[in-house]
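Chains, contacts and geometry: an overview
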Amino acid sequence: MAEGQGQQGAAGVDEQSIQAFEANLAGNLYKLWNRMSSGSYMSPPVRAVQIPKKGGRGVRVLGVPTVADRVAQTVARLYLEPEVEPVFHPDSYGYRPRRSALDAVGRCRQRCWSYDWVLDLDLKSFFDSLDHSLVLRSVAAHTDLRWILLYVQRWLKAPLQREDGTLMARDRGSPQGSAISPVLANIFLHYALDLWLAREFGAVAFERYADDVILHCNSEQQARVVLDAITRRLAQVGLELNLDKTRIVYCKDSNRHGSHEHEQFTFLGYTFRPRLARSRRGESFVSFCPAVADDAAKEASRN
């Protein structure tokens, strides 16, 4: 998701820039308000932009709305956020006020000292797979404003315009890069995963930042049971795990003996693994803790 933030200043399919929109700001805002309040506002196609994934692992398709559409989506988001924020799970961190990726990493660090095992989930094509009917049902649980439900439905169904100008209809997903997608993703996963985990596996702590999820387990067996259950749960809501990237990880340190196939994981740009540390008394020991991942460090050095 974060990779899409750099496209927010780009023009949409109408090629209108932010500067051009602001040149007649009052007139453009009045026209937008008039169309939205009458129910006649129709979301234009979303411009598809390909950007390389981190580490050169293929490309990610971002959806760039028009400037007017971004304004309209922001209005809806500002109505929705106060309604959903009080009910979101405390361990959901992504794109929420007064919460950050570093908060999630810090909590994950503390829990790796208390729990021996981690379940590192990788959701396959999450933003491209969102079930529109389930998203709308989730949003409807938090607002009775018909205009929000109307426009959320239109934004979800707005086609993608490829670079060659052709349109691609969408019956699933919410484009990365839009102003409304982060809150829709959080609402969807609040019901699809957060509440379900709290109900079915209350003893399993977790941190979730959008679709990046880390769970903490007391044993490898518990991690396998949780993984099987989550796989089934995600299938019920139209999602699936990338099993090649989903891992059960042993948080090995000086007090944890034995070994496991996986003894490290990366979460939000930080790699957690056994590292040599020194106590206050100057004694060396092995601690399972994070440091900036190699990919993230290389990216920072280029900027």
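Because the structure is a prediction, the values reported are computed rather than measured.

Here's the deal with the sheet that holds strand 1 (residues 46-52)
The strand order across the open sheet formed by four strands is 2-1-4-5, and the pairing between neighbours is mixed. With one partner strand each, in any of the chains shown, strand 2 (59-64) and strand 5 (167-168) form the two edges of the open sheet. With two bridges joining them, strand 4 (residues 160-161) and strand 5 adopt antiparallel strand pairing. Bridging across to strand 5, Leu160 finds its partner in Met168.

Things to note about the sheet that holds strand 9 (residues 265-267)
Hydrogen bonds between backbone atoms are what pair the strands of a sheet, whose relative direction is either parallel or antiparallel. Read across the sheet, three strands follow the order 9-10-11 without closing on themselves; strand pairing throughout is antiparallel. Of all strands in the sheet, those with a lone pairing partner are strand 9 and strand 11 (284-292), marking the two edges. Each neighbouring strand pair of the sheet contributes to a mean axis angle of 50°, computed without reference to strand direction. For strand 10 (residues 270-278) and strand 11, the ladder comprises nine bridges, and the chain directions are antiparallel. Looking at strand 11, one finds that Pro274 is bridged to Phe288. Across the face of the sheet, helix 4 (residues 101-114) comes into contact with strand 9, strand 10 and strand 11 while running at roughly 55° to strand 10.

Remarks on the confidence of the model for the chain
Summary statistics for the chain give a mean pLDDT of 91 and a share of 93% for residues scoring 70 or more. Segment residues 1-7: pLDDT under 50, and 19 contacts once partners within four positions in sequence are set aside and those in other chains are kept.

Comments concerning the pattern of salt bridges
Under the definition given, this model contains 12 salt bridges. Put simply, Arg77 and Glu81 hold a salt bridge, and the shortest N to O gap is 3.3 Å. Pair noted here: Arg77 and Glu81 are both in helix 3 (residues 67-84), with a separation of four residues, about one helical turn. For Arg77, a relative accessible area of 22% translates into the label partly exposed. Close ionic contact of Arg111 with Asp91 constitutes a salt bridge, the shortest N to O distance being 3.1 Å. Of this pair, Arg111 sits in helix 4 while Asp91 sits in the loop between helix 3 and helix 4, and the two are 20 residues apart along the sequence. For the pair Arg111 and Asp91, a shared accessibility class is recorded, and that class is buried. Linked through salt bridges whose partners overlap, the residues forming this network are Asp91, Arg107, Arg111 and Glu207.

Conventions and cut-offs
Residues numbered from 1 in each chain as written. Predicted model: local features only at pLDDT ≥ 70, side-chain atom pairs only at ≥ 80, totals over all residues. Heavy atoms only, no water. Pairing = 2+ DSSP bridges. Helix = DSSP H or I, 4+ residues; strand = E, 2+ residues; numbered from the N terminus. Axes fitted to C-alpha atoms, helices over the stretch in contact; angles between N-to-C directions. Contact = heavy atoms within 4.5 Å. pLDDT = per-residue confidence, 0-100. Salt bridge = Lys/Arg side-chain N within 4 Å of Asp/Glu carboxyl O. Buried < 20%, exposed > 50% of the residue type's maximum accessible area, 1.4 Å probe, protein only.

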